[in-house]
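Below, each chain spelled out in residue letters.
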Amino acid sequence: MANDLLSLAGWYFLPNIATTYLQTALYAVFIRAGDPKPVPGSPRHQRDRKRLFIFVIATYLLYTVYEADYQLLRSGDFYQDLGVPHSVSERELQSRFRRLTVQYHPDKVSTGSSAAEKAAVEGVYIQLKLARDTLVDPAKRFAYDRFGPEILEWRQCKTVRDFVITGVQRTTVYYFISGSALVLLGVLGYLQQGKYWRYLVMASLFVVEVQMMMSPTFPAAVEHLINPFLLAIKWRQPYLPFQMLALLRKLTITFFIALSQLGPVLQGPQTGGADNDAVVAQQLERMDVVVKATDQEVSRLMGLELMPFAADQASTSDLRTSLKEWLVRNTITNDAEVRGAIQSVLDRRRGEGQTGTLQTLS
């Protein structure tokens, strides 16, 4: 549990840290000394960081899946403990246990062995006996293949039906809590990328788990495709259904987190551009309102100020035009919102011009 929490927590700070160090190292290697390096915030720097961030996320996703598989392999299972295949019969199982008993029975330990060695041998023998007792019982073996070693705690279960009902209840509670957590995170504004697909995947995985729990045989994909491939390449022992389900759960959670990390990076520039366009449009609308109001106010003031010169039409017309232009320019340049809107438009045009120049050069 602690390793799982640490792995999930790592998703929120390791990718950014790794991307920063990797980008710095690559610039130091591939850019000659004395040549200018891309400045943070420049188009090239952002483009390189985006690509490296995607690479880091994909690599970390693969590592997380590998780590989960390694934990399953290190934990082992009762079949590995006894050194028998998944299709072993009861007779072969008993024969294998008797041979192992000759080697690991506590009574077989030599008298000169230390207490630690005796305790170790006794622990191995207890584990082998527990594995034998579980796999010899058809109901427990059925449940162990699908739910794992936690069925040893279900002491009230005696038949296959009891184990299946208990397993389905526990699985339903797990997915109900997981689904509620996803909905809550969505309401709070987190994990927005592909949230409806996320619900569909969770529901599909729940259906797959329930089908695997109730099926009298191993899933066809595991038995006829995945396990034969693992045996052919001799990479690891074949999967049991409960191991495959644990790996699928881990893969689903880490994929959701990876998607939430990659979503803003892949769609951020587009969303940001749309937001900037909306802000600029609002600022331009405000500027238009200010200009119209200023024009009306200037016309009213000009009429009041020029009443004494109403007899001289030519001078009055020139003076009215000059004063009106001065008042409009002075009012516009002194308004903070108008200056901000003009500066935003100018900065955007400069940025587009630089981007077009870089694209032309590249």
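Residues numbered from 1 in each chain as written. Predicted model: local features only at pLDDT ≥ 70, side-chain atom pairs only at ≥ 80, totals over all residues. Heavy atoms only, no water.

**Let's talk about the pattern of salt bridges**
Oppositely charged side chains are able to pair whenever their charged atoms sit close together. Counted only if it meets this: Each salt bridge in this description consists of a side-chain nitrogen of Lys or Arg and a carboxyl oxygen of Asp or Glu lying within 4 Å of one another. Burial classes: relative accessible area under 20% of the type maximum marks a residue as buried, over 50% as exposed, and values in between as partly exposed (1.4 Å probe, protein chains only).
Scanning all chains against the criterion turns up five salt bridges. Ionic pairing is found between aspartate 35 and arginine 32, a salt bridge with its closest N-O pair at 3.3 Å. Classification of aspartate 35 as partly exposed rests on a relative accessible area of 34%. Via salt bridges that share partners, Lys129, Arg132 and Asp133 belong to a single interconnected network.

**Observations regarding the nonpolar core**
Worth spelling out the cut-off: Residues belong to a common nonpolar core when they are buried Ala, Val, Leu, Ile, Met, Phe, Trp, Tyr or Cys residues joined through side-chain atoms within 4.5 Å. Contact criterion: two residues are considered in contact whenever any of their non-hydrogen atoms come within 4.5 Å of each other.
Counting 28 residues, the largest nonpolar core has Tyr79, Leu82, Leu93, Leu135, Tyr144, Ile151 and Phe163 as its most contacted members. Excluding its chain neighbours within four sequence positions, the residues that come into contact with tyrosine 79 are Val84, Pro85, His86, Val88, Leu135, Arg141, Tyr144, Asp145 and Leu240. Membership of the second largest hydrophobic core comes to seven residues, among which are Ala68, Leu72, Val222 and Met244.

**Things to note about the side chain of arginine 146**
Spelled out, the test is: Think of it this way: any DSSP run of H or I at least four residues long counts as a helix, any run of E at least two long counts as a strand, and we number them from the N terminus.
Position of arginine 146 among the secondary structure elements: in helix 7 (residues 138–147). Contact partners of arginine 146, with chain neighbours within four places excluded, come to Met212, Met213, Ser215, Pro216, Thr217, Phe218, Pro241, Phe242 and Leu245.

**A short note on the confidence of the model for the protein chain**
Worth spelling out the cut-off: Here pLDDT means the predictor's own confidence in every residue, given as a number from 0 to 100.
Per-chain confidence: the protein chain averages 79 in pLDDT, with 77% of residues scoring 70 or above. Per-element mean pLDDT across the protein chain ranges from 57 in helix 1 (residues 2–10) up to 93 in helix 7. Confidence over residues 270–274 falls short of pLDDT 50; this stretch has zero contacts with residues more than four positions distant or in other chains.

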